[in-house]
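One-letter residues, chain by chain:
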Amino acid sequence: MLRAAACTSLLLLLRAVVGLPWFQATGAALVFYLGSGGWAFLKVFYKTVGRDVRGAITLFRVKLQVKRHLREKNTIPHIFRECVKRHPNKTALIFEGTGATWTFKELDEFSNAVANFLHAEGFRCGDVIALFMENCNEYVGLWLGMAKIGVEAALINFNLRLDALEHCFSVSNSKAVIFGREMSQAMCDVSSIMEKSARLYCLGECDRATIPPGTEFIDSLLQSASRHPPKDPGRGFTDKLFYIYTSGTTGLPKAAIVVHSRYFRMAALVYYGFRMRPDDVVYDCLPLYHSAGNIVGMGQCILHGLTVVIKRKFSASRFWDDCVKYNCTIVQYIGEICRYLLNQPVRDTESKHRVRMALGNGLRPAIWTEFTTRFHVPQIAEFYGATECNCSLGNFDNNVGSCGFNSRILPFVYPIRLMKVNEETMELIRNPDGLCIPCKPGEPGQLVGRIIQSDPLRRFDGYVNESATSKKIANNVFKPGDTAYLSGDVLVMDELGYMYFRDRTGDTFRWKGENVSTTEVEGILSRLLGQADVVVYGVEVPGTEGRAGMASIADPNHSSDLDRFVRDLKKALPGYAHPVFLRLLPEVNKTGTFKFQKTDVKKESFNPHLVKDPLYVLDAQQGKYIPLDEELYNRIQSGKFKL
């Protein structure tokens, strides 16, 4: 009776809340599952039904809006125009750098001027213009203005230089570059190798001798341009909006395609899933060339009318002061930002703010509770996703350490899965029928999402480079003949469906017969070393199987107490996860989104001929780290020194 009553309640709830066409089939499957799963299923149902219903409502709400925008052939500029009509005089953007405040009407008029100017310059629908500057209000107005005439912006990382910078311009086939005056030297360095046909525009006045020849100053040109709305270019909801580049931690950046529907989907799922409010003020300290800053954060302004405070660059020392000054209620983080904030001295403003939510991804579970307790932030809105992925996750109910969930009651509502994978090669493991094998709770697997190109919530638009796109697609995953997006990330799901991040591709290595998670070890070592920047990776050693762990530690003063470090290691990590080699260097290279760059340090390994920084190796017999010089290096290479 109890099982039947629970099943009936679930089916009635789903009928009332969701009402989707596959209801009857799903209901029948649930009845069968209850009959075979028994009490274990009822336990999961009881603990997760509220969370799953909320997720289903969010998904259904966004799906309905996507269908409407598809039907009406709307674009992001169309949706923004409706936002301007609702509250033209509300503050849209506040630039912390100058204190400049723009209303929605002012942002609309500036973007109209951009659109009309570029159209008069001869740029047309489908052309690409690169945007290369630090965060500012104008950045938003520039790409939005381009979109109003169907011109696609290539959002370039302002940290790039020389070959990587020129690569980003050329791979997108940019016909022009609009750069900030702060990027003048970088532009001069690449101007000689750029396409001569590319036109250059500089935002901000500066000495002409400091910019490439032929560059035009765009400020005065925009002032004389019409503020009236430009002619509609006839673009649709699934057409290209702009390009966002991968961070380039393992090679040259790849240009990911962002269509209008993807921008809407990412921003809307965050808005409704985390229950944002019209009066929220978002503190966006992330780079606007990145999806977290420009879609997840700025999308709340463009699509939902929230005020967004733009920070030129992240500053740990000014973070909470800014939040108090601008009455921020939501702050964004990514990567190591939360750890940098914890490493700051205690200040009054960190407890006087109005922040109710921290929104982002990459908050290490080891410091999750410490962050919320010290800074009095009641909700962590952690999510998982990449610019190009179709399998985003959200931690809607503040579950500590989780990056999201998938329903175990109705797993087919959202067609994503963890599939068994060889963690060394990242190849999917298949059953005798050639299909992938779903993971059970507790089993690590690669996150994949079924691709349905006709559905904006499930489509995969890929990269400009078709070869890079094909590498992210697998066939025959859920069923014969289907295709799925490969995230390249290993996660673990618990019995309630909560997902926990493990590693990105290449971030595990095997040592002494055990798999070592670099992200887990990095978090623990950083804590033991007072929140120092730490990069962990595996290195090859002649005559040994697998890869030995090596840690590069930011220690500019060489002040680390390595004897104490070894003692703490023994308490915190199993022996196979202890770094065999240490490298103490002035700073750890990071991307603009605070991801560690490992390519160079992995190549240099522990070779003292290549590495000029202090190197150490763990002497197992003495139980401590000893300096690694050329003589000891040769002994390791010949197998005379046992690790």
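Before reading on, note that the structure itself is shown above.
Residues numbered from 1 in each chain as written. Predicted model: local features only at pLDDT ≥ 70, side-chain atom pairs only at ≥ 80, totals over all residues. Heavy atoms only, no water.

Caption draft 1: Spotlight on the sheet that holds strand β1 (residues 91-95). Across the sheet, 8 strands lie side by side as β2-β1-β11-β10-β12-β13-β14-β15; this open sheet has mixed pairing. Looking along the sheet, the strands with just one partner apiece sit at the ends: β2 (101-103) and β15 (393-394). Note: strand β12 (residues 330-334) against strand β13 (residues 357-361), 5 bridges, orientation parallel. Looking at the pairing, Gln332 lines up with Leu359 of β13. Those strands touched by helix α6 (residues 137-148) are β1, β2 and β11 (307-310), and its axis lies near 130° from that of β1. (Pairing = 2+ DSSP bridges. Helix = DSSP H or I, 4+ residues; strand = E, 2+ residues; numbered from the N terminus. Contact = heavy atoms within 4.5 Å. Axes fitted to C-alpha atoms, helices over the stretch in contact; angles between N-to-C directions.)

Caption draft 2: Layout of the side chain of Arg51. With respect to the element layout, Arg51 can be found in helix α3 (residues 39-72). Polar contacts involving the side chain of Arg51 include one to the main-chain carbonyl oxygen of Leu496, which spans 2.8 Å. Excluding anything up to four places from it in sequence, Arg51 contacts Asp397, Phe405, Asn406, Ser407, Leu496, Gly497 and Tyr498. (Polar contact = N/O pair within 3.5 Å; in protein donor to acceptor, adjacent residues only side chain to side chain.)

Caption draft 3: Fine view of the pairing of strand β24 (residues 534-539). With 6 of 6 residues buried, β24 lies mostly within the body of the structure. The side-chain alternation of β24 yields two buried faces, one formed by Val534, Val536 and Gly538 and the other by Val535, Tyr537 and Val539. (Buried < 20%, exposed > 50% of the residue type's maximum accessible area, 1.4 Å probe, protein only.)

Caption draft 4: View of the packing of aromatic side chains. Taken as a whole, this structure holds 22 aromatic pairs when the rule is applied. When the ring of Tyr283 is compared with that of Phe319, the centres are 5.1 Å apart and the planes differ by 90°; the resulting orientation is edge-to-face. Of the two residues, Tyr283 is situated in strand β10 (residues 281-284) and Phe319 in helix α13 (residues 319-325); the sequence distance between them amounts to 36 residues. Summarising the aromatic geometry, the rings of Phe460 and Tyr485 are spaced 5.1 Å apart at their centres and angled 50° between planes, so their arrangement reads as tilted. (Phe/Tyr/Trp six-rings, centres within 6.5 Å; stacked < 30°, edge-to-face > 60°.)

Caption draft 5: Inspection of the pairing of strand β17 (residues 416-419) at higher detail. Alternating positions in β17 separate into two faces, Ile416 and Leu418 on one and Arg417 and Met419 on the other, with burial throughout. Sheet topology note: the β17/strand β18 (residues 445-450) ladder contains 4 bridges and is antiparallel. The residue of β18 that forms the bridge with Arg417 is Val448.

Caption draft 6: Summary view of the side chain of Asp321. Relative to the helices and strands, Asp321 is located in helix α13. Those residues in contact with Asp321 that sit more than four places away from it in its chain are Arg347 and Thr349.

Caption draft 7: View of helix α17 (residues 518-528). Of the residues making up α17, those classed as buried are Thr518, Val521, Glu522, Gly523, Ile524, Leu525 and Ser526. Two residues or fewer after α17 comes Gly530, characterised by a positive phi angle close to 70°.

Caption draft 8: Inspection of the nonpolar core at higher detail. Membership of the largest hydrophobic core comes to 127 residues, with the highest contact counts inside it found for Phe132, Trp143, Tyr263 and Ile302. Element by element, the count of residues in this core is highest for helix α10 (residues 260-273), at 9 residues. With near-sequence residues (within four places) excluded, Trp143 lies in contact with Ile76, Leu131, Ala153, Leu155, Leu241, Phe242, Tyr263, Asn294 and Ile302. Grouped together as the second largest cluster of nonpolar side chains are 45 residues, Phe509, Leu562, Leu584 and Tyr633 included. (Core = buried A, V, L, I, M, F, W, Y, C linked by side-chain atoms within 4.5 Å.)

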